[in-house]
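Residue-level structure breakdown
Here is what each chain is made of, one letter per residue.
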Amino acid sequence: MVKYDDLKNDTFDSFSKIIRFLNLELDSEKINEAISKASFENMKKLEKSQNDKLKTMQSPTGNVDFVGSGKKEWQEYLVGGLKSKFKTEFSKTMSLLGYGNEW
């Protein structure tokens, strides 16, 4: 299993595990290239440069933000009773995955 935190903290090793799981063979150079292209900074640049092509997907504010800040902003989308429902349904799984009460 590879967690998001693993990908952030040890990207090369975590991505290599995914590659092996998929029975793919990529050398270190290709893995580093993929990591670079998928980096947060590169994805934000790509999003900004292709914003005009994504106009049909804009929010009411006019933004097209598929790439977030890289923080735990997903919690902001759990409005109303969704956050407590999420905690009720997934607290055991989240604890098993090592997330404790931080989410």
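**Quick notes on the overall build of the protein chain**
- Each helix and strand in the protein chain was counted, giving five helices and zero strands.
- Secondary structure elements of the protein chain, listed N to C terminal, follow the sequence α-α-α-α-α.
- The buried share of the protein chain, taken over its 103 residues, is 12%.
- Of all intrachain contacts in the protein chain linking residues separated by at least 6 positions in sequence, the fraction that spans at least 24 positions is 32%.
- Carbon and sulfur atoms form 55% of the exposed surface of the protein chain, whose accessible area is close to 8400 Å².

**Some points on the pattern of salt bridges**
- Tallied over the entire structure, the rule returns three salt bridges.
- A salt bridge links lysine 17 to aspartate 13; its shortest N-O distance comes to 3.7 Å. In this pair, lysine 17 and aspartate 13 are both assigned in helix 2 (residues 11–21), four residues apart and thus about one turn of the helix distant.
- For the salt bridge of glutamate 33 with lysine 37, the shortest nitrogen-to-oxygen distance reads 3.3 Å. Placement of the pair is glutamate 33 and lysine 37 together in helix 3 (residues 28–37), with a separation of four residues, close to one helical turn.
- By relative accessible area, lysine 37 is classed as exposed at 51%.
- What you see here is one network of salt bridges that share partners, running through Lys30, Glu33 and Lys37.

**Quick notes on the environment of methionine 1**
- Within the secondary structure, methionine 1 sits in the segment before helix 1 (4–9).
- Each C-alpha atom of the pair methionine 1 and lysine 17 lies 8.8 Å from the other, and the pair is 16 residues apart in sequence.
- Discounting residues that sit within four places of it in the chain, methionine 1 has contacts with Asp6 and Leu97.

**With respect to a nonpolar patch on the surface**
- Residues Phe21, Leu22, Leu24 and Leu26 make up a contiguous nonpolar surface patch of roughly 430 Å² in combined accessible area.
- A relative accessible area of 45% places leucine 24 in the partly exposed class.

**A few points about the packing of helix 2 against helix 3**
- One can describe the packing of helix 2 onto helix 3 by two numbers: an axis separation of 10 Å at closest approach and a directional angle of 110°. By the angle class used here, helix 2 and helix 3 are roughly perpendicular. Contacts between helix 2 and helix 3 involve Thr11, Phe12, Phe15 and Ser16 on the former and, on the latter, Ser28, Ile31, Asn32, Ala34 and Ile35.
- Of the residues belonging to the contact of helix 2 with helix 3, the class tally is five nonpolar, four polar and no charged.

**Let's talk about the environment of isoleucine 31**
- For isoleucine 31, the location among the structural elements is in helix 3.
- Here the alpha-carbon distance between isoleucine 31 and serine 16, two residues 15 residues apart in the chain, equals 7.3 Å.
- Residues contacting isoleucine 31, with those up to four places away along its chain left out, are Phe12, Phe15, Ser16 and Leu26.

Definitions and limits used
Residues numbered from 1 in each chain as written. Predicted model: local features only at pLDDT ≥ 70, side-chain atom pairs only at ≥ 80, totals over all residues. Heavy atoms only, no water. Helix = DSSP H or I, 4+ residues; strand = E, 2+ residues; numbered from the N terminus. Buried < 20%, exposed > 50% of the residue type's maximum accessible area, 1.4 Å probe, protein only. Contact = heavy atoms within 4.5 Å. Areas by Shrake-Rupley, 256 points an atom, 1.4 Å probe, with all protein chains shown as cover. Salt bridge = Lys/Arg side-chain N within 4 Å of Asp/Glu carboxyl O. Patch = residues over 30% accessible without salt bridge, like charges linked within 9 Å, V, L, I, M, F, W, Y side chains within 5 Å. Axes fitted to C-alpha atoms, helices over the stretch in contact; angles between N-to-C directions. Parallel < 35°, antiparallel > 145°, perpendicular 65-115°, else oblique. Nonpolar A, V, L, I, M, F, W, Y, C, P; charged D, E, K, R; others polar.

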